[in-house]
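Now for the letters of each chain:
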Amino acid sequence: AQTVTQSQPEMSVQEAETVTLSCTYDTSESDYYLFWYKQPPSRQMILVIRQEAYKQQNATENRFSVNFQKAAKSFSLKISDSQLGDAAMYFCAYRRAGGSQGNLIFGKGTKLSVKP
Amino acid sequence: DTGVSQDPRHKITKRGQNVTFRCDPISEHNRLYWYRQTLGQGPEFLTYFQNEAQLEKSRLLSDRFSAERPKGSFSTLEIQRTEQGDSAMYLCASNKGSEKLFFGSGTQLSVL
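The rules behind the values
- Residues numbered from 1 in each chain as written.
- Chains lettered and ligands numbered in written order.
- Predicted model: local features only at pLDDT ≥ 70, side-chain atom pairs only at ≥ 80, totals over all residues.
- Heavy atoms only, no water.
- Helix = DSSP H or I, 4+ residues; strand = E, 2+ residues; numbered from the N terminus.
- Rg over C-alpha atoms; globule rule 2.2 N^0.38 Å.
- Buried < 20%, exposed > 50% of the residue type's maximum accessible area, 1.4 Å probe, protein only.
- Disulfide = S-S within 2.5 Å.
- Salt bridge = Lys/Arg side-chain N within 4 Å of Asp/Glu carboxyl O.

What follows is about the overall build of chain B. In terms of regular secondary structure, chain B is built from zero helices and eleven strands. When the elements of chain B are put in sequence order from the N terminus, they spell out β-β-β-β-β-β-β-β-β-β-β. Against the compact-globule benchmark of 13 Å for 112 residues, chain B has a radius of gyration of 13 Å, which places it among compact chains. For chain B, the residues scored as buried account for 45% of the 112 residues in total.

This next bit is on the state of the cysteines. Such a bond, covalent and formed between the sulfur atoms of two cysteines, is termed a disulfide. Per the counting criterion, the structure on display carries two disulfides over all chains. There is a disulfide in this structure between A:C23 and A:C92, and the S-S distance comes to 2.0 Å. The chirality of the disulfide connecting A:C23 with A:C92 is left-handed, given an S-S dihedral of about -70°. Here A:C23 is found in the loop between β3 (19-21) and β4 (24-26), whereas its partner A:C92 is found in strand β10 (residues 88-96), with 69 residues between them in sequence. In this pair, the class of A:C23 matches that of A:C92, namely buried. Here B:C23 connects covalently by a disulfide to B:C92, the sulfurs 1.9 Å from one another. With the S-S dihedral at roughly -70°, the linkage between B:C23 and B:C92 falls on the left-handed side. Taken as a pair, B:C23 in strand β3 (residues 19-24) and B:C92 in strand β9 (residues 88-95) lie far apart in primary sequence, 69 residues in all. This pair shows no difference in class: B:C23 is buried, exactly as B:C92 is.

To continue, consider the pattern of salt bridges. A full pass over the atoms with the stated rule returns eight salt bridges over all chains. As a salt-bridge pair, A:K55 and A:E52 come within 3.9 Å of each other at their nearest N and O atoms. Across the pair B:R22 and B:D24 runs a salt bridge, and its minimum N-O distance is 2.7 Å. With a relative accessible area of 34%, B:R22 lands in the partly exposed category. The exposure class assigned to B:D24 is partly exposed, which follows from its relative accessible area of 26%. Salt bridges linked by common partners bring A:R50, A:E52 and A:K55 together as one network.

Below, the structure written as structure tokens:
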């Protein structure tokens, strides 16, 4: 069975600084998708970034980028120039290729605090 | 378009009672998903609808749980004979085709 592990329950970053959130996963599949979702206090999950396993190039979305290490089964999220609005729970998620888009396996999350 | 809407936002019930939650997806979205999120955990997939057809069900969806999407628009999730272990946030999401998921703000269920 696939699993997703986030080993940092809480992280803190100073406004305008850079922070990296860790995620490891376990799967025997070769084709899959990885995601980072943000869940602010409003509870609404928001997609931050997505990575296809068959793509070697790391995904980037503005201030958010990932370091995808397929052999190590590692998928970390880097947030540059952190802003107060980045404070939230961040969840790493896995989906096997061929499954429905919503059949995701989530980690337990990392709570990110941003200090002014 | 106001996004994915879930009702109610909070529900408190006594053990043994039945509860029903509603999810209204974004209007043109034909795919709808339900999740359960307990405290300190990430969401867990429960079930998936494409239009009115329920195409996937997680093993987490016990016999006391039933979900419907009768006209391919809104969906309901019913829990019969609630137990304290059912206390959680129930999230709904929708999308169209292979587009990204849009989530609602969830229904927080407390079973006393």
